[in-house]
Structure formats: C-alpha cells, structure tokens
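# An overview of the molecular structure
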Amino acid sequence: MKAARLHDGATKLVIEEHPDPKPRPGAAVVRLQSAFMSASLAGVVRGTSHYQTPLRPFTPGMDAVGTVASLGEGVSGLKVGDPVYCDSYIEEARADGTGENAFAGYFALTGGAGPLLAAWPNGTLATHIELPAECLTNVAPALRRTS
C-alpha cells in the first residue's frame with residue numbers, strides 16, 4: 001500500500017510503500033477511496049499543533065470512505081466488499097464512565113490517550129487503513145436509496 005508518512009523532524013509528508021495492514025480481532029482493513037482533509041492537518045504536519053500526535057513516523061488523517069478489504073476475528077455486521085464510512089474517533093471507556101479518546105492516526109482528545117494513539121497510529125492518508133470495526137458504518141443501505 002501507499003501511505004503519506006510524517007517522520008521525526010519533518011514538516012512535509014513523504015509517500016512510502018508499506019505492506020497492507022492485517023486486521024486484528026475486532027478490527028477491519030478498508031481500502032480507502034477518499035479521505036477528509038482537515039484544516040488542522042497543516043499544523044500537525046508542520047509541528048505547530050498543540051495536540052498530542054502518535055509517535056513519528058505515522059500516517060496522519062481522519063475520516064474517509066472506502067470498501068472493506070478484510071475482517072478480523074469477531075467482526076459481525078460487515079463483509080468484505082461493503083462500502084463504509086470510516087470514523088476515526090476511538091475511545092477506551094472505563095467502568096466508572098471515564099476514559100480516553102483520540103482520532104486514530106491523528107491526535108489525542110484527552111491527556112491520557114497516548115496508549116490509544118500508540119495502538120492506532122495510522123490515519124487515512126493511505127490506500128488502506130485498519131480501524132476497530134465500531135468505527136465503520138456500512139453505507140450500502142443509503143446508496144441503495146439514492147440510486
């Protein structure tokens with residue numbers, strides 16, 4: 001796969017070849033067709049953003065659309081080939097109702113979300129992304145209504 005990667009000390013993205021990701025249990029790999037380009041990306045790339053990002057190198061980017069390429073163990077409600085919206089918001093909820101949250105491959109939303117970013121360091125500026133299955137919404141029903 002190709003990915004736009006951000007390296008230590010760099011202020012520009014570099015397109016690199018990497019092996020396609022393999023889905024972990026509860027996750028899926030999506031072949032991306034289009035990715036959202038947030039205005040905040042410039043600050044993340046230049047290093048002027050005040051957000052905690054994944055350790056470099058990483059592939060930034062949030063939110064995209066694509067097609068399910070492969071599924072990890074335990075994923076239900078999706079099948080290979082399904083068109084999906086990828087919401088990169090991830091969270092680690094705790095029993096007491098607190099937790100940490102971040103955007104996979106982008107930045108932390110809470111102070112203790114570093115481990116979440118370490119677990120999900122890559123975002124949508126690539127041909128493929130692995131995300132927890134709960135981040136994916138099958139859009140096939142909506143596409144059928146519009147055709």
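The notes below deal with the structure included here. (Residues numbered from 1 in each chain as written. Predicted model: local features only at pLDDT ≥ 70, side-chain atom pairs only at ≥ 80, totals over all residues. Heavy atoms only, no water.)

### A closer look at the packing of aromatic side chains
- Counted by the stated rule, this structure contains four aromatic pairs.
- Seen from their ring centres, Tyr-51 and Phe-107 are 3.8 Å apart, and the 15° between their planes marks the pair as stacked. With a gap of 56 residues between them, Tyr-51 in the loop between helix H1 (41–46) and strand E4 (62–71) and Phe-107 in strand E8 (residues 107–108) connect regions that are remote in the sequence.
- Using a relative accessible area of 43% as the deciding quantity, one classes Tyr-51 as partly exposed.
- On the numbers, 5.4 Å between centres and 75° between planes, the contact of Phe-103 with Phe-107 is edge-to-face.
- In textbook terms, an aromatic cluster arises when at least three aromatic residues are bridged by ring pairs, as seen for Tyr-51, Tyr-89, Phe-103, Tyr-106 and Phe-107.
- The residue whose ring lies beneath Arg-24 is Trp-120, and the NZ or CZ to ring-centre distance is 3.7 Å. (Phe/Tyr/Trp six-rings, centres within 6.5 Å; stacked < 30°, edge-to-face > 60°. Helix = DSSP H or I, 4+ residues; strand = E, 2+ residues; numbered from the N terminus. Buried < 20%, exposed > 50% of the residue type's maximum accessible area, 1.4 Å probe, protein only. Lys NZ or Arg CZ within 6 Å of the ring centre and 35° of its normal.)

### Description of the sheet that holds strand E9 (residues 128–132)
- Across the sheet, which stays open at both edges, the five strands sit in the order E9-E3-E4-E5-E10 with antiparallel pairing between neighbours. A strand with exactly one partner marks an edge of an open sheet, and here the two such strands are E9 and strand E10 (136–138). Going across the sheet, the axis of each strand differs from the next one's by a mean of 45°, ignoring polarity.
- As paired strands, strand E3 (residues 27–36) and E9 are joined by five bridges and run antiparallel to one another. The partner of Val-30 across the bridge, within E9, is Ile-129. (Pairing = 2+ DSSP bridges. Axes fitted to C-alpha atoms, helices over the stretch in contact; angles between N-to-C directions.)

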